[in-house]
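# Tertiary structure, described
Okay, here's what each chain looks like letter by letter:
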Amino acid sequence: QYYRATMMDRLRAWDAQTTVLEEFAVHTVQGAALSLVTIFAILYLTCLEYAFHLSPVVTDRVHVNETSPDGLQVEFDITFPKIPCALLSIDAANPLGESQSLNLDKEHRVWKHRLDTNGNEIGHRSRFELGSTMKDESHLRDLLMTKQQEEQQQEEEECGDCYGAGNDGECCNSCDDVKRAYLRKQWRFPEVNTIRQCQKNPKSLEERQNNEGCNVHGIIALSTGGGDFHIAPTHALEFFGNEGPLSFEQLINGIFEVFNCTHTIHKLHFGQDFPGNVNQMDGQNRTVNDDYAMHQYYIQVVPTLFFFLNGSSIQTNQFSVTEHQRIVNPGSGRGLPGVFFFYEVSPLHVEFVEKRLGWIQFLTSVCAVVGGAFSVMGMIDKCIYEFSKSHNKRRQCLG
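The structure reproduced in this document is the subject of the present report. None of the values given here were measured: they were computed from a predicted structure.

### A few points about the overall build of the protein chain
Counting secondary structure elements, the protein chain contains eight helices and 13 strands. Taken across its 399 residues, the protein chain has 36% of its residues classed as buried. For the protein chain, contacts bridging at least 24 residues in sequence account for 77% of all contacts bridging at least 6.

### Some points on the state of the cysteines
Taken as a whole and assessed by the stated rule, the structure comprises two disulfides. With its sulfur 2.0 Å from that of its partner, C85 forms a disulfide with C214. Because the sign of the S-S torsion sets the handedness, a value of about 100° for the bond joining C85 and C214 places this disulfide among the right-handed ones. One end of the pair, C85, is in the loop between β2 (72–80) and β3 (88–93); the other, C214, is in strand β6 (residues 213–222), with 129 residues separating them in the sequence.

### Notes on the side chain of N260
By the secondary structure assignment, N260 is in the loop between α7 (248–258) and β8 (263–269). By relative accessible area, which is 17% here, N260 ends up buried. A distance of 2.7 Å separates a polar atom in the side chain of N260 from a polar atom in the side chain of T262. Here V288 takes part through its backbone oxygen, which lies 3.4 Å from a polar atom of the side chain of N260. If we skip the residues at most four places from it in the chain, N260 touches K82, I83, V288 and N289.

### Examining the packing of aromatic side chains
One pair of aromatic rings is described through two measures. These are the centre distance and the angle between the planes. Taken as a whole and judged by the stated rule, the model has 14 aromatic pairs. The interplanar angle of 80° and the centroid separation of 5.7 Å between the aromatic rings of Y50 and F362 together place this pair among those described as edge-to-face. Pair noted here: Y50 is in helix α2 (residues 29–54) and F362 is in helix α8 (residues 359–398), with a separation of 312 residues, a long-range link. Chaining the aromatic ring pairs together yields one cluster made of F76, F229, Y297 and F341. When the ring centre of W111 is taken as reference, the NZ or CZ atom of R125 above it lies at 4.0 Å.

### Some words on the pattern of salt bridges
Following the criterion strictly, the structure yields four salt bridges and no others. For E351, the salt bridge identified is with R61, shortest N-O distance 3.2 Å. With a gap of 290 residues between them, E351 in strand β13 (residues 348–355) and R61 in strand β1 (residues 57–64) connect regions that are remote in the sequence. What makes R61 partly exposed here is its relative accessible area of 46%.

### Here we look at the sheet that holds strand β4 (residues 110–115)
A sheet is described by the order of its strands in space; here six strands give the open sequence β5-β4-β6-β2-β8-β9, paired in antiparallel fashion. On the outer flanks of this sheet lie β5 (121–127) and β9 (284–286), each paired with one strand and no other. Ignoring strand direction, the axes of neighbouring strands in this sheet form an average angle of 20°. Two strands pair when backbone bridges link them, and β2 and β8 are joined in this way by five bridges, in the antiparallel orientation.

The rules we used
- Residues numbered from 1 in each chain as written.
- Predicted model: local features only at pLDDT ≥ 70, side-chain atom pairs only at ≥ 80, totals over all residues.
- Heavy atoms only, no water.
- Helix = DSSP H or I, 4+ residues; strand = E, 2+ residues; numbered from the N terminus.
- Buried < 20%, exposed > 50% of the residue type's maximum accessible area, 1.4 Å probe, protein only.
- Contact = heavy atoms within 4.5 Å.
- Disulfide = S-S within 2.5 Å.
- Polar contact = N/O pair within 3.5 Å; in protein donor to acceptor, adjacent residues only side chain to side chain.
- Phe/Tyr/Trp six-rings, centres within 6.5 Å; stacked < 30°, edge-to-face > 60°.
- Lys NZ or Arg CZ within 6 Å of the ring centre and 35° of its normal.
- Salt bridge = Lys/Arg side-chain N within 4 Å of Asp/Glu carboxyl O.
- Pairing = 2+ DSSP bridges.
- Axes fitted to C-alpha atoms, helices over the stretch in contact; angles between N-to-C directions.

Below, the structure written as structure tokens:
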């Protein structure tokens, strides 16, 4: 028993958590107030530590990757309030200027929707014309020459019916020819739908889609080797509706007059979205007032890999963009109006990893918070108590 008593006394000598007996404890008002402040401080700091240690945080690193992704998926939604859908077409090209495929399938499609002057949709959306865009004036010359040759060959090979109003051997190859024949006979002109030549010549663009706009949206897949995709005038110039031959000046002036490149980019994404990603082009509006313009966007695409907390991951892209509005006037040889997106895939790859610190770090921080709060408040309480005690003694001496 003596040996046990000696061991217990030695253990008590190592007691750092000395307990003050109740009869020696001094209870004060400021001590109670500081105790309440300590409790609230511990609760507040514990909540902060919980949010810091157990909420997901994202770390990132940048590295050079020798390989590039297999393909580049582009999702876009662009509105042209001053260009009819009949004059728009989309195409893509590689860095050498050669046409590249948009790789359309069940997942990758492009649609257009006609808009009225107030921006409301007209009818149902339809498939968008792909390819056959014109980027410079040489394309217009080639198109005009081809169209004139086709019309001349058609006139030589065909002899259109005058529907009984023509003279012997007379050919009516256009709607105007049939009208002149009927006028010469002083006959009443029949319904236009019954005359083949009048059906062949559609109404002019001004009659068909006067003051209309167009919304273009869809998803395409491009090559990661760089290049561009653009929305520009289409080869379907028969929508101008001229029955007589067009000169090059009339053709190019017509294109520039109706192709105002004012546009709004509702969406432009290069891959899937991920937490914290910012698509800086969404909701951007570009207005062309007086001049004819070609709007060019230069996009640097950065392949990005995002690892989620649950172990899943997505391969996507971020991008930065600079832009330039190039003034093009008819006959200047600087190109035709349009909206061009030039892109280049960066060799730098970014990885984001979502993680959290865990329970061990959280419990360690809570212990530090509790111990620190009690220590600091204890020091403050002791200082206040000593100051109050000395102040009372001074008053007693003076009294």
